[in-house]
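The primary structure of each chain is shown beneath.
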Amino acid sequence: MKPLVIVPTYNERESLPTVVAQLLESQPGIEILVVDDNSPDGTGELADELAAADSRVHVLHRSEKQGLGTAYRHGFGWGRDRGFDVLVEMDADGSHAPEQLGRLLDRLELPGDPADLVIGARYIPGGDVHNWPWRRELLSRAANHYARWMLRLPVHDATAGYRAYRSDVFDVIDLGQVTSQGYCFQVELAWRATRAGLRVAEVPIDFTERASGASKMGREIVVEALRKVTVWGITSRLSRRG
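Residues numbered from 1 in each chain as written. Predicted model: local features only at pLDDT ≥ 70, side-chain atom pairs only at ≥ 80, totals over all residues. Heavy atoms only, no water.

Trainee: Help me understand the nonpolar core, please; the structure alone is not making it clear to me.
Mentor: A general tendency of soluble globular proteins is for nonpolar side chains to be buried together. By size, the foremost hydrophobic cluster in this structure holds 35 residues, and its most contacted members are Phe76, Phe170, Ile173 and Leu189. Contributions of two or more residues to this core are made by β1 (3-9), β2 (31-36), α3 (68-81), β5 (117-121), α5 (134-151), α6 (169-172), α7 (184-195) and α8 (219-241). In terms of residue count, α7 provides more of this core than any other element does, seven residues in total. Judged by nonpolar contacts, the second largest core, of 28 residues, contains Val5, Val34, Met90 and Ala201. (Core = buried A, V, L, I, M, F, W, Y, C linked by side-chain atoms within 4.5 Å. Buried < 20%, exposed > 50% of the residue type's maximum accessible area, 1.4 Å probe, protein only. Helix = DSSP H or I, 4+ residues; strand = E, 2+ residues; numbered from the N terminus.)

Trainee: What am I meant to see in the pattern of salt bridges here?
Mentor: Any two side chains of opposite charge can pair, so long as their charged atoms come close to each other. Scanning the entire structure with this criterion turns up eight salt bridges. The partner of Glu137 in a salt bridge is Arg141, and the shortest N-O contact between them spans 3.0 Å. With a gap of four residues between them, Glu137 and Arg141 both fall in helix α5, about one helical turn apart. For Arg192, the salt bridge is made with Glu188, and the minimal N-O distance between the two is 2.9 Å. Here the residue Arg192 and the residue Glu188 both occupy positions in helix α7, the gap between them amounting to four residues, near one helical turn. Among the residues examined, Arg192 registers a relative accessible area of 22% and is labelled partly exposed. Residue Glu188 is classed as buried on the basis of its relative accessible area, which comes to 1%. (Salt bridge = Lys/Arg side-chain N within 4 Å of Asp/Glu carboxyl O.)

Trainee: Quick question: what am I supposed to make of the environment of Thr159 here?
Mentor: Here Thr159 lies in the loop between α5 and β7 (163-166). As for Thr159 and Ala201, which are separated by 42 residues in sequence, their C-alpha atoms are 14 Å apart. Once you skip the residues sitting within four places of it in the chain, Thr159 turns out to touch Arg122, Ser140, Asn144, Tyr183, Gln186 and Val187. At 3.0 Å, the side chain of Thr159 and the side chain of Arg122 are in polar contact. (Contact = heavy atoms within 4.5 Å. Polar contact = N/O pair within 3.5 Å; in protein donor to acceptor, adjacent residues only side chain to side chain.)

Right, dumping it as structure tokens:
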């Protein structure tokens, strides 16, 4: 495999060097693409320094904050244009353990049961959440239960942002039709993958609340997800009846 780990950043200067170093140490064969949205704290400039020091690190600069969904869409396109056959999503804030990336990559090529998309899941046996306020975890679990029921998704952690795709998944899923931002982007891709008959698997991960910086979760992200999941679910059920 030729994996590219896509790491969107916005004001992640404190955590990015550690994440990059741990990724390269745990998986020396990977390459990393930092997608920076013109971070005011200088994350983009720091990413350039990391790239200058190691040829496995690349940086894609964007002129302004455009959202998680567009960051990943740009990253997927960049990786596919350069021949990477595995595209990984990963947060830059330290909440996703770099040393657990091997679990996702191994599951993609599990003998006898390979997958097209592997989700690093918090809410399956062996998964865990550390240092989250109970209200935040409750909201996350409720959102996943709702998406699983409303969309009839065969996954337990559709909002998870630690995941690995075979790049040819995007020959089947048209990213041009994916308009969601925030955590709804993750739900939409998992939903479109299952609807397309792709093989989706989950592996347990440990998720740890960020040690520095501020969460990007806002009210508008929650509202977007609730609205879109409801519309998709109702439309899908009506189409089956028709």
